Every structure is written in structure tokens, then in C-alpha cells.
Amino acid sequence: MNPVNRRLFLGLLGATAATVTAAGCAGSGSDTSGGDSSGGGGGGEGSDGTITFWSNHPGSSKATEEELIATFEQENPDLKVNLVDGGKNYEEVAQKLNAALTGNDLPDVVVVSDVTWFNFALNEQLAPLDDLFEEAGVKTDEYVDALFGDYILEDKSYGLPYARSTPLFYYNKQVWEQAGLPDRGPESWDEFMEWAPAIQEAVGDGKHAIAMYDGANYLDWTMQNMIWDDGGAYSVGWDTTFTDPNTIAGVERLKQINDDGYLVVSADSITEFASGLAACAMASTGSLKTATENAQFEFGTAFLPGAEANSSCPTGGAGLGIPAGISRERQINALKFINSITSTQGTAKFAQATGYMPVRKGAKEAQEIKAYLEETPQAATAIDQLEFTRPQDNARVLVPGGGTRIGGGLDKVLAGEDIPGVMEQLQTETARIIETDITPKLG
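How each quantity is defined
Residues numbered from 1 in each chain as written. Predicted model: local features only at pLDDT ≥ 70, side-chain atom pairs only at ≥ 80, totals over all residues. Heavy atoms only, no water. Buried < 20%, exposed > 50% of the residue type's maximum accessible area, 1.4 Å probe, protein only. Helix = DSSP H or I, 4+ residues; strand = E, 2+ residues; numbered from the N terminus. Pairing = 2+ DSSP bridges. 1 Å grid on protein atoms, 1.4 Å probe; cavity = no way out; pocket = protein on both sides within 12 Å on 5 of 7 lines; lining within 4 Å. Points joined across faces, edges and corners; volume = space filled by probe spheres on them. Nonpolar A, V, L, I, M, F, W, Y, C, P; charged D, E, K, R; others polar. Contact = heavy atoms within 4.5 Å. Phe/Tyr/Trp six-rings, centres within 6.5 Å; stacked < 30°, edge-to-face > 60°. Lys NZ or Arg CZ within 6 Å of the ring centre and 35° of its normal. pLDDT = per-residue confidence, 0-100. Salt bridge = Lys/Arg side-chain N within 4 Å of Asp/Glu carboxyl O. Axes fitted to C-alpha atoms, helices over the stretch in contact; angles between N-to-C directions.

### What about the pairing of strand E7 (residues 167-172)?
Working step 1: For E7, the buried fraction is high: 6 of the 6 residues fall into the buried class.
Working step 2: Across the two faces of E7 the burial is the same, with Pro 167, Phe 169 and Tyr 171 and Leu 168, Tyr 170 and Asn 172 all buried.
Working step 3: Alignment of E7 against strand E12 (residues 278-284), held across 5 bridges, turns out to be antiparallel. In the strand pairing of E12, Leu 168 is matched with Ala 283.
Working step 4: Where E7 meets strand E13 (residues 299-302), 4 bridges bridge the pair, whose relative direction is antiparallel. Within the sheet, the bridge partner assigned to Tyr 170 lies in E13 and is Thr 301.

Shown next as C-alpha cells:
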């Protein structure tokens, strides 16, 4: 299903979606800006000029967010912003918002990820922003089209891009030179398999050729690249394809890399890479700052294997949404704030500080980005790779619990469980959820 048709479907589904069940909240909820929190986070009448912003600080961006907030407050002296720790990751922020929806303590701005935003939009819990754009001074055509379009449901916008990423292929240039490899990433996973023995020999005993996330930490996200490169997918539209031979071939390749001793998985693959324990890694664009600050060696970044040939790179990361249950005045103030921190200058600073992609078209020409790309040329890879991305599979991002379910299955495969059995279980469970929770809402 192409992106347009998928959005039309989501609009139909949204008309009949059931209310999301509240989950337990996480995060400290601490006020880090020094502003008055008495009215910004509640669901009371109107606004006292305080904007409460729930964030997980993507890419260790808390200090940068505080800097962007200070700029906004200076430009808008009648408004104040409370930066609240919403959780350690996107899922915990979503849980916190779910819990708040049952009460009367909603934020004004909240981080929503590629996996979490649509659930709130479907249930009319995020505000459509279109009739607020003009009053808030937002020029939507200045955003990167592909990133802006990721938050459209039935021709309505429910968020603006913020901490946007793709996976990148990070590689240790010293190891590459020792292995006699060209200074680039592998053009396909077949080529990586040809290179892997030399990489492993060069990196040495007790280390690994490649690091990836584990199943509890986004292996299900990056694995789409490997599966797509083999012609498979988790799903095609709403048809689950876990047992498709091409999908299984992609999973078998993952298992082969693991069984041959080339692979290490962890909660954060960039940690293994930057410490020198892995010669290369699949990791988020947002990990670039961590790699730059911690790697004691020269490294390069490249497109994911097969991305250019097969458009097999998934996008990811998060945007910013506004709850539907707050007043219009608060929504407009919130959108003014979002517009500020994702402005050309704002996104340039955020990208420079974190490694995430700039979300405005003009940001690449901003002096901050020019200086950043000159100092950190690896950052240009994510921007250049954007044209080779594709929408993620519905089975991961639209089916409730899809990413967690798939990640758990991949962990089972790496632990030695039978691939056909694991994939059959994923096929059965996902198809049942689609049939029971989604298909009845189609019309």
C-alpha cells in the first residue's frame, strides 16, 4: 500500500477507532526550565502563558532543548516553557500521555514517534494542526516534504517533524584499511558477507565485525533494511508476509551473520562500535554525536547496504504533537513553540548537537549546518540517503505492539529458535490482530 493510500485508510480507521487503553506513566516529570508549571501541564480552562513540553530528549538533547527554549522565550516574553522529562524513550513518553488522557493534566507539546503518533491521531487525541498553521505563523512548505508527510492522516496534519532519523552504516576506517577494503560501506548485504571474514580478522579476537540493536531496542526497525534488500517484508499493505520466502531469507542472513561469529547485539549498537568492540554498526542517525564524541579512531558513514539500489532504508525518529484536549489558545501557543524549535535555525542547532537530520529544506544552507558538515562530513550521509527511504511496513508501525512483537521474534532467532516456527508465529499473531482489531473498522 503506498503512503497516500495508507493515509486514506488511516482516516477511515480513525473514524471508528476505539479509545486507547491507559498505560502506566514513566519519567520523573521534573521541571527543568525554571518556569511556572501551575497551568502549562493541566487540562484546565485557557492558558496562563505557560507551555509544558514532554520530551525524552532524543539524542541526549536536553541541554540543546533548553537552549532552544531560551531562544523562544526571549522572542516571546509573554510565554514560558516547562521542559518535562517524559520518559527515557519514545514508548515511555507515549505511556505517560496515555495515562494523562484519563485525567486532566495534559501537556501542551509532546514527543511522538514513528510508531506512537498515529494511535493518538486515530483516536482524536492529537489535535489536527491545519487550521492553526496560519495563526501560529507556520509555513509548512519549508519542511522536508517526506518528513512533513509522515504525520498526515486523511489530509490532516497531526504533528511536525523534530528528531528525525534513518539508520546509517558506521564503519571503522582503520579496520577497513587493515582488511584491504575500499573506503565506503558495502553496496549490498551480499557484499558485506564477502567482506565479513576480512573485517573479522582485522578487528581481532574478542571483537565483532558488526554491531546491531537487540530485539528489545529497535532491531525490528533496522532489520527492515536487510529483509527489503532480499525482496521480503513484514507485510505488504495489510497482508502479513512473515512467512514469505524472501522475508525468511533476510532473517536467515541475520542468523548466519550471528552464527558465523560476526555479530554482537546490544541495547545501543553505537556503544559497541565507538568503544572499538565492533568494526561497523547499524545505528541511528541520532547516534552520530555519540560516535563522534567517543570513538578514538577515524570512522565513516555510508548508506545502508542495498539502500540506493532498492530504496531499502526506513525512516524513523519522532515529531512533535499537540493534545486535542487543551484549549485553542494553548494549542496556538504550543504550535508557535514547535515552529520555533523546528525553525531553520532551530533544526540546524538540533542537528548539529545530536546528529539527527535537519527537518527544514533551508537548513542545509544555514551557516550552522555548513559549519557542521564541514567539521562532521559523516552527517551529510543521512541527508543524502533520504531519497532512498520508503514507508515502514504496516506490521511494524501500524499494528498495535508490532515492533515489540517482531523484535522479540528476532531475539528468539538469534537465541537459536527455529526460523520458520518463529516467523509462522509472527504471521499468525499479527494476522489475527489485523483481523480482529483493524479489519472490522474498515467500513
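### Examining empty space enclosed by the protein
Rolled over the atoms, a probe sized like a water molecule indicates the empty space that remains.
Working step 1: This structure, assessed with the given rule, holds 1 cavity of 30 Å³ or more.
Working step 2: Lining of the largest cavity is provided by Thr 285, Ala 351, Gly 355, Tyr 356, Met 357, Pro 358, Ile 369, Tyr 372, Leu 373, Ala 379, Ala 382 and Ile 383.
Working step 3: Looking at the lining of the largest cavity, the elements with two or more residues in it are helix H16 (367-375) and helix H17 (380-385).
Working step 4: With 3 residues, H16 is the largest single contributor of residues to the lining of the largest cavity.
Working step 5: Of the residues assigned to the lining of the largest cavity, the class counts are 10 nonpolar, 2 polar and no charged.

### Some details on the environment of Leu 147
Working step 1: With respect to the helices and strands, the residue Leu 147 is situated in helix H6 (residues 145-148).
Working step 2: On the basis of relative accessibility, which here comes to 0%, the residue Leu 147 falls in the buried class.
Working step 3: Between the alpha carbons of Leu 147 and Val 359 there is a distance of 7.0 Å; along the sequence they are 212 residues apart.
Working step 4: Non-local contacts of Leu 147, meaning those with residues more than four positions away in its chain, are made with Pro 161, Arg 164, Met 357, Pro 358, Val 359 and Leu 386.

### Description of the packing of aromatic side chains
Centre-to-centre distance and the angle between the planes together describe a pair of aromatic rings.
Working step 1: By the definition in use, this model includes 19 aromatic pairs.
Working step 2: Taking the centre distance of 5.9 Å and the plane angle of 65° together, the rings of Trp 117 and Tyr 151 count as edge-to-face. With Trp 117 in helix H4 (residues 117-122) and Tyr 151 in the loop between H6 and strand E4 (152-153), this residue pair connects regions lying 34 residues apart in the sequence.
Working step 3: By relative accessible area, Trp 117 is classed as buried at 6%.
Working step 4: When the ring of Tyr 162 is compared with that of Phe 350, the centres are 4.6 Å apart and the planes differ by 35°; the resulting orientation is tilted. With a gap of 188 residues between them, Tyr 162 in strand E6 (residues 160-165) and Phe 350 in helix H15 (residues 344-354) connect regions that are remote in the sequence.
Working step 5: Owing to a relative accessible area of 1%, Phe 350 belongs among the buried residues under this scheme.
Working step 6: An aromatic cluster of at least three residues, connected via ring pairs, comprises Phe 53, Phe 72, Tyr 162, Phe 337, Phe 350 and Tyr 356.
Working step 7: Across the ring face of Trp 54, the terminal group of Lys 96 is positioned such that the distance to the ring centre comes to 4.8 Å.
Working step 8: In this structure, Arg 390 is placed above the aromatic ring of Trp 228, and the distance from its NZ or CZ to the ring centre is 4.3 Å.

### Remarks on the confidence of the model for the chain
Working step 1: Residues with a pLDDT of 70 or more make up 89% of the chain, whose mean pLDDT is 87.
Working step 2: In this model residues 1-46 is a low-confidence stretch, pLDDT under 50, and it forms 111 contacts with partners more than four residues away in sequence or in other chains.

### Observations concerning the pattern of salt bridges
Working step 1: For the structure shown, the criterion picks out 19 salt bridges.
Working step 2: For Glu 67, the salt bridge goes to Lys 349, with nearest N and O atoms at 3.6 Å. Of the two residues, Glu 67 sits in helix H2 (residues 62-75) while Lys 349 sits in helix H15, which places them 282 residues apart along the sequence.
Working step 3: Here Glu 67 falls in the partly exposed class, since its relative accessible area comes to 41%.
Working step 4: A salt bridge links Asp 108 to Arg 330; the nearest nitrogen and oxygen atoms lie 2.7 Å apart. With Asp 108 in the loop between helix H3 (90-101) and strand E3 (109-113) and Arg 330 in helix H14 (residues 328-341), the pair connects residues that are 222 residues apart, well separated along the chain. The same class applies to Asp 108 and to Arg 330, which are both buried.
Working step 5: The structure contains a network of salt bridges with shared partners spanning Asp 114, Asp 220 and Arg 396.

### Observations concerning the sheet that holds E12
Working step 1: With mixed pairing, 5 strands are arranged side by side in an open sheet as E11-E8-E12-E7-E13. Pairing within the sheet leaves two strands with one partner each, and these edge strands are strand E11 (263-266) and E13. Going from strand to strand, the sheet's axes swing by 25° on average, the running direction of each strand aside.

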